[in-house]
Each structure stands twice: as C-alpha cells, then as structure tokens.
Amino acid sequence: SRCATRTMESQVFAAKLVVDERYEEALKALEPCGSERAKSAICDLRACAYLKLEEFRKANDEASRAIAFDKENEAAYYRKGLACFAMDEFEAALVNFQKGQKIVGSPDFRRYAMWIRKCEAEMDDDDDDEEDAAAVPPPCPP
C-alpha cells in the first residue's frame, strides 16, 4: 500500500537523520502510519531522537507508545529504560531493562546486564540514604 511504502521510506530517511545527529528533523519525518509494527518502529525512532536531545520525558512517552503498538519491541524497552534512568526512576528503568533482556533471551547480553547492575546500585544507594536519614536522631527541643 502507498502508506506502507511511505512509512518504510520515512523510517529509512529518519534513521539517516538520526545517524547524522539531525534529531529534530528526524522527529518531523516520523509520523505514525501503517501497521502496528511500523507504528511501533516509528515511535521507537522518535524515542531515540528524544534521548539524543535529552528530552527524557518525551523519550519515555514515545517508547511507551512503541510498546503499546508492539509488546515485543525490544529496543523500545531499552530506550524506555534509558529515559527512566535519566529521570532517576530507577525501579521503572530496571523493569524495562529486564523486559527487554527477556525478549533478547540472554541474561548476559551486555547492554542489559550493565544497565540492570546500574539500576540495582542506584536503588541500593537510595536504600542506604533512607537508612542514614532514619538513623539521624530528631533535634533536641529548645
């Protein structure tokens, strides 16, 4: 169909724009059209561009849309994990990295293993901070 051809051409063009670090132009080129899988791929590319622009909330939203269109879009879980991590949402990041890792099917897949360790370390640091805060006695009354 004409829409499917346009979608494929848009994806290829937008991917080239992302490689050329022309992220804003890539976002404009990526208008969802076509099958659910094509829509997912477009949203995933948009998430990638937003990550590069350090617009993490938008990257998270686009990755979520990509996942809504295709629950097996491994890259979208990865990008959602990156966006969540950048926003200090470590538990959400961990969940998404684990889902992506499950789709890949390898617990040793380097990029997931590294980010899962980072999330766990951040969550451990947060727990330590909470314990330290709880250990501080209240101020003496005047």
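Residues numbered from 1 in each chain as written. Predicted model: local features only at pLDDT ≥ 70, side-chain atom pairs only at ≥ 80, totals over all residues. Heavy atoms only, no water.

Caption draft 1: Structural context of the packing of helix α4 (residues 56-69) against helix α5 (residues 74-86). Where α4 meets α5, the closest approach of the two axes is 8 Å, and the angle between their N-to-C directions is 155°. Here α5 runs roughly antiparallel to α4, going by the angle between their axes. Helix-helix and strand crossings are classified by hand; for α4 and α5 the assignment is left-handed. Mapping the contact onto sequence places Phe56, Ala59, Asn60, Ala63, Ser64, Ala66 and Ile67 in α4 and Ala76, Tyr77, Arg79, Lys80, Ala83, Cys84 and Ala86 in α5. Of the residues assigned to the contact of α4 with α5, the class counts are 10 nonpolar, two polar and two charged. (Axes fitted to C-alpha atoms, helices over the stretch in contact; angles between N-to-C directions. Helix = DSSP H or I, 4+ residues; strand = E, 2+ residues; numbered from the N terminus. Parallel < 35°, antiparallel > 145°, perpendicular 65-115°, else oblique. Left-handed = near helix turned anticlockwise from the far one by under 90°. Contact = heavy atoms within 4.5 Å. Nonpolar A, V, L, I, M, F, W, Y, C, P; charged D, E, K, R; others polar.)

Caption draft 2: Summary view of unusual backbone geometry. If you check the backbone angles, Glu54 has positive phi at about 60° while not being a glycine. Topologically, Glu54 is positioned in the loop between α3 (36-52) and α4. A residue is classified by how much of its surface remains accessible, and Glu54, at 58% relative accessible area, is exposed. Phi at Asp88 is positive, roughly 65°, even though this residue is not glycine. With respect to the element layout, Asp88 can be found in the loop between α5 and α6 (90-104). Assessed through its relative accessible area of 55%, Asp88 is described here as exposed. (Buried < 20%, exposed > 50% of the residue type's maximum accessible area, 1.4 Å probe, protein only.)

Caption draft 3: Inspection of the pattern of salt bridges at higher detail. The full count for this structure, using the stated rule, is nine salt bridges. A salt bridge links Arg22 to Glu25; the nearest nitrogen and oxygen atoms lie 2.6 Å apart. Glu74 is the partner of Arg111 in a salt bridge, and the nearest nitrogen-oxygen pair spans 2.5 Å. With Arg111 in helix α7 (residues 110-135) and Glu74 in helix α5, this residue pair connects regions lying 37 residues apart in the sequence. For Arg111, a relative accessible area of 30% translates into the label partly exposed. (Salt bridge = Lys/Arg side-chain N within 4 Å of Asp/Glu carboxyl O.)

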